[in-house]
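What the coordinates show
If you want the building blocks of each chain, they are given just below.
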Amino acid sequence: MALDLRLKKINKVYKEGDLVSGVVVVESKGDLQHQGIVLTMEGAVTLQLSAKSVGLFEAFYNSLKPIQLVNYTLEIAKPGRLPSGKTEIPFEIPLKPKGNKTLYETYHGVFVNIQYTLKVDMKRSLLNKDLQKQCEFIVEYKNQEDKPKLKPVNFTITPETLTNVKEKQNVPKFRVRGKLETSTLCITTPLKGELMVDSCESQIKSIEIQLVRVETCGCAEGYAKDATEIQNIQIADGDVCRGIAIPIHMVFPRLFTCPTLSTNNFKVEFEINIVMVFHDDHLVTENFPIKLTRF
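The name recorded for the chain in an unreviewed UniProt entry is Vacuolar protein sorting-associated protein 26C, from Mizuhopecten yessoensis. Recorded under Subcellular location (unreviewed entry), the UniProt text for the chain is reproduced unchanged: "Endosome". What the UniProt record of the chain gives under Sequence similarities (unreviewed entry) is the line "Belongs to the VPS26 family."

Structural data, given as structure tokens:
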């Protein structure tokens, strides 16, 4: 026998207030006795601490309990018998938050995870094993805000502008100019811009753009903040020609990014790093905070 859960929407993307609909499919080679079929919709934010933060704050452990956003149970079949073959049981569940909670967008992070699932359970008699099937669906915000004005970021990177280098005298002399089209972006549009190497006394090995997530977990007693890399795109390979504009183009990966989020217990923010690697594998990094939205 087999138990399956199928959503009507192929992309499994829903917004608050939508009806999440589909069918529960039961297949068996003979009559199937069961003690009821129950469908559960759940949504929660799960938080965890990085290894370096564990033990710093006792209060963290109380604030790290999962934050439940959705919890809805529906009995779709009373105890009874299903005929041999394939049986499809349709269902519809409205996507609404629990109490005064907010439905955040689906996000798969390292220390912050926001996930929504549907689970179907078929209870059976003592001698038979219960059946269960689970599937994840994606929640996105409605287009809540007007398109913001572009906020271009013009930058010039030289050894003097670097803030994360202690011994600047060891860094080869160089000058890089460029711009990002905007620091406030819709999550569905790519990051665009350009970069130009004016001068560099050392040979360049590579120029890369990194997308970084900055996740903060905590409470009033303190916060643990961790930055981790999501993706790294090489935009130049080798000792690039001086004075030629190099395009920047980065698409934001769904699930691993979400609109910038700030709550009492956690934050999810994003940054862009421009990384220049020299031929001796010495590298310099310049950091730019960005804000992701959905409009």
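What follows picks up the thread again.
Overview of the pattern of salt bridges
Counting across every chain of the model gives 12 salt bridges. Linking Arg175 and Asp198 is a salt bridge whose minimum nitrogen-to-oxygen distance equals 3.2 Å. Placement of Arg175 in strand S13 (residues 174–180) and of Asp198 in strand S15 (residues 191–200) is noted, with a sequence separation of 23 residues between them. For Asp198, a relative accessible area of 25% translates into the label partly exposed. Between Arg177 and Asp198 there is a salt bridge whose closest N-O contact spans 2.5 Å. On the criterion of sequence distance, the pair formed by Arg177 in strand S13 and Asp198 in strand S15 is long-range, its members being 21 residues apart. Here the salt bridges do not stand alone but share partners, grouping Glu105, Glu140, Arg254 and Arg294 into one network.

Considerations on unusual backbone geometry
Across residues other than glycine, the phi torsion is negative in most instances, and most of the peptide bonds are trans. In this structure, Leu255 is a non-glycine residue whose phi angle is positive, near 75 degrees. Relative to the helices and strands, Leu255 resides in the loop between strand S18 (245–250) and strand S19 (261–262).

Describing the sheet that holds S15
Hydrogen bonds between backbone atoms are what pair the strands of a sheet, whose relative direction is either parallel or antiparallel. Pairing is antiparallel across the open sheet formed by four strands, whose spatial order is S12-S13-S15-S18. Bordering the open sheet on either side are strand S12 (153–157) and S18, each of which pairs with just one other strand. Across the sheet, the mean angle from the axis of one strand to that of its neighbour is 20 degrees, orientation sign disregarded. Direction of pairing for S12 relative to S13: antiparallel, over a ladder of five bridges. Bridge pairing links Asn154 to Lys179 in S13.

Calculation notes
- Residues numbered from 1 in each chain as written.
- Predicted model: local features only at pLDDT ≥ 70, side-chain atom pairs only at ≥ 80, totals over all residues.
- Heavy atoms only, no water.
- UniProt positions renumbered as here; feature names shortened; annotations may be inferred.
- Salt bridge = Lys/Arg side-chain N within 4 Å of Asp/Glu carboxyl O.
- Helix = DSSP H or I, 4+ residues; strand = E, 2+ residues; numbered from the N terminus.
- Buried < 20%, exposed > 50% of the residue type's maximum accessible area, 1.4 Å probe, protein only.
- Pairing = 2+ DSSP bridges.
- Axes fitted to C-alpha atoms, helices over the stretch in contact; angles between N-to-C directions.

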